[in-house]
Structures are given as C-alpha cells and as structure tokens.
Amino acid sequence: MSRTIDYGNLMHEAMRGLIRKVLIDVCENGLPGEHHFFITFDTSHPDAELADWLFDRYPGEMTVVMQHWYDNLDVTDEGFSVTLNFGDAPEPLYIPYDAIKTFVDPSVEFGLRFETQSDEDDEGVEPTQSLPVTKAAPAPVQEADTAEDSPKDAEIVSLDSFRK
C-alpha cells in the first residue's frame, strides 16, 4: 500500500484553523466594522450542543448569525460556544469546528463551504474523487444593518442565495 498526501483533510484543518483565529480575535476585540458571520452547522453532530427545541426545529442543519448581539463567546481548539438570542430567549450553543458546513462574512464577500462525500454524491460527482474538498469562494454582499446601538435577535437564514 502506498502512502498519499491527504490534501482534502489538510485543507479542512487549515480552513477551520482560520475560523478559529477569526473567532479568537472577535472574542478578544469584538466584531470590527460591518463584519458579521453566517455559520451553518450540522445540528446532529455528536459534539454539537443546542437546546432541544432548536434541534427539533432544525434536525439536520442550522444557520446562525453573529452580528449585533452575542454573548459568552468562548473559543477552544475543538470548537466554540456562544449565546445567541432567539426571539428574546438567550440560548447557549456549542459548535465544533468539524460540524461547520459554511462560514460566510458577507461584509467582505468571504465564504467557506466544507463539502463531504455525501454532499458531492448528491451533486453527481464520481465517488472516486479525492475528498473532502474545501471551497473558498466569494459570497454576495448582503445589506448590513448599520444601527449598532440596537440589539438584534439571532437570525436563522437559508444560505441558498450564497450557493452557486
């Protein structure tokens, strides 16, 4: 058996390290300017932690927005925890980095999408292709709310508009 370089997993590790570094900076200094994040994650990941009612509502994946109001952001080597407001109900979440499916900062047209074998099989890609693949692609700019002094509830949005 010959040894090969697993570029897909190396890219995933590097991109998740980038997300970790961004979140550490936000934890220490807050969100700068108009930066905000849409983070889609696998709610069924064994290490993800969210309220039962959120899991019942979003049993496969959920997209959260970190923008005007978030609290208790704690970043670790394996994931991050944050409290977000869902309709005036603050809820703590723990999101492991390997549960993240997309990470988008529309204020600077930056986006990452983590694909898995099943994602690519759904798109008709040959199963022999080297996997997983990380794509870094610009995301369309979305109008940002500039009223920084008014706290907003966490939003759950569909990222279909960011997908090709």
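Please refer to the structure higher up on the page.
Residues numbered from 1 in each chain as written. Predicted model: local features only at pLDDT ≥ 70, side-chain atom pairs only at ≥ 80, totals over all residues. Heavy atoms only, no water.

### Here we look at the nonpolar core
Then step 1. Core analysis: the largest hydrophobic core is formed by 30 residues, its most contacted members being Val64, Met66, Phe80, Leu93 and Ile100.
Then step 2. Within the residue set of this core, elements represented by two or more residues are helix 1 (7-29), strand 1 (37-42), strand 2 (61-66), strand 3 (71-75), strand 4 (79-85), strand 5 (90-96), strand 6 (100-105) and strand 7 (110-114).
Then step 3. A per-element tally of this core places helix 1 first, with four residues.
Then step 4. Residue contacts for leucine 93: discarding those within four places in its chain leaves Glu49, Leu50, Leu54, Met62, Val64, Phe80, Ser81, Val82, Leu84 and Phe86. (Core = buried A, V, L, I, M, F, W, Y, C linked by side-chain atoms within 4.5 Å. Buried < 20%, exposed > 50% of the residue type's maximum accessible area, 1.4 Å probe, protein only. Helix = DSSP H or I, 4+ residues; strand = E, 2+ residues; numbered from the N terminus. Contact = heavy atoms within 4.5 Å.)

### Side note on the pattern of salt bridges
Then step 1. Throughout the structure, instances matching the rule amount to two salt bridges.
Then step 2. Arginine 20 serves as the salt-bridge partner of aspartate 77, at 2.8 Å between the closest nitrogen and oxygen. Taken together, the residues span a long stretch of sequence, with aspartate 77 in the loop between strand 3 and strand 4 and arginine 20 in helix 1 at a distance of 57 residues.
Then step 3. Among the residues examined, aspartate 77 registers a relative accessible area of 55% and is labelled exposed.
Then step 4. Relative accessible area serves as the criterion here: at 27%, arginine 20 is assigned to the partly exposed category. (Salt bridge = Lys/Arg side-chain N within 4 Å of Asp/Glu carboxyl O.)

### Structural notes on helix 1
Then step 1. Under the 1.5 Å per step criterion, the end-to-end length of helix 1 is 33 Å for 23 residues, consistent within 8% with the ideal 33 Å.
Then step 2. All of the buried residues along helix 1 are Gly8, His12, Met15, Arg16, Ile19, Leu23 and Val26.
Then step 3. Two residues or fewer after helix 1 comes glycine 30, characterised by a positive phi angle close to 80 degrees. (Expected span 1.5 Å × (residues − 1).)

### Description of the packing of aromatic side chains
Each pair of aromatic rings is reported with the distance of its centres and the angle of its planes.
Then step 1. All chains considered together, the criterion is met by three aromatic pairs.
Then step 2. The interplanar angle of 90 degrees and the centroid separation of 6.1 Å between the aromatic rings of tryptophan 53 and phenylalanine 86 together place this pair among those described as edge-to-face. On the criterion of sequence distance, the pair formed by tryptophan 53 in helix 2 (residues 52-57) and phenylalanine 86 in the loop between strand 4 and strand 5 is long-range, its members being 33 residues apart.
Then step 3. With relative accessibility at 37%, the residue tryptophan 53 sits in the partly exposed group.
Then step 4. Residue classification places phenylalanine 86 among the buried positions, given a relative accessible area of 8%.
Then step 5. Residues phenylalanine 80 and tyrosine 97 carry aromatic rings whose centres are separated by 6.4 Å and whose planes lie at 35 degrees to one another, so their mutual orientation is tilted. Note that phenylalanine 80 is positioned in strand 4 and tyrosine 97 in the loop between strand 5 and strand 6, a separation of 17 residues in sequence.
Then step 6. You can call phenylalanine 80 buried: its relative accessible area is 1%.
Then step 7. In this structure, arginine 16 packs its charged tip against the face of phenylalanine 114, placed 4.2 Å from the ring centre. (Phe/Tyr/Trp six-rings, centres within 6.5 Å; stacked < 30°, edge-to-face > 60°. Lys NZ or Arg CZ within 6 Å of the ring centre and 35° of its normal.)

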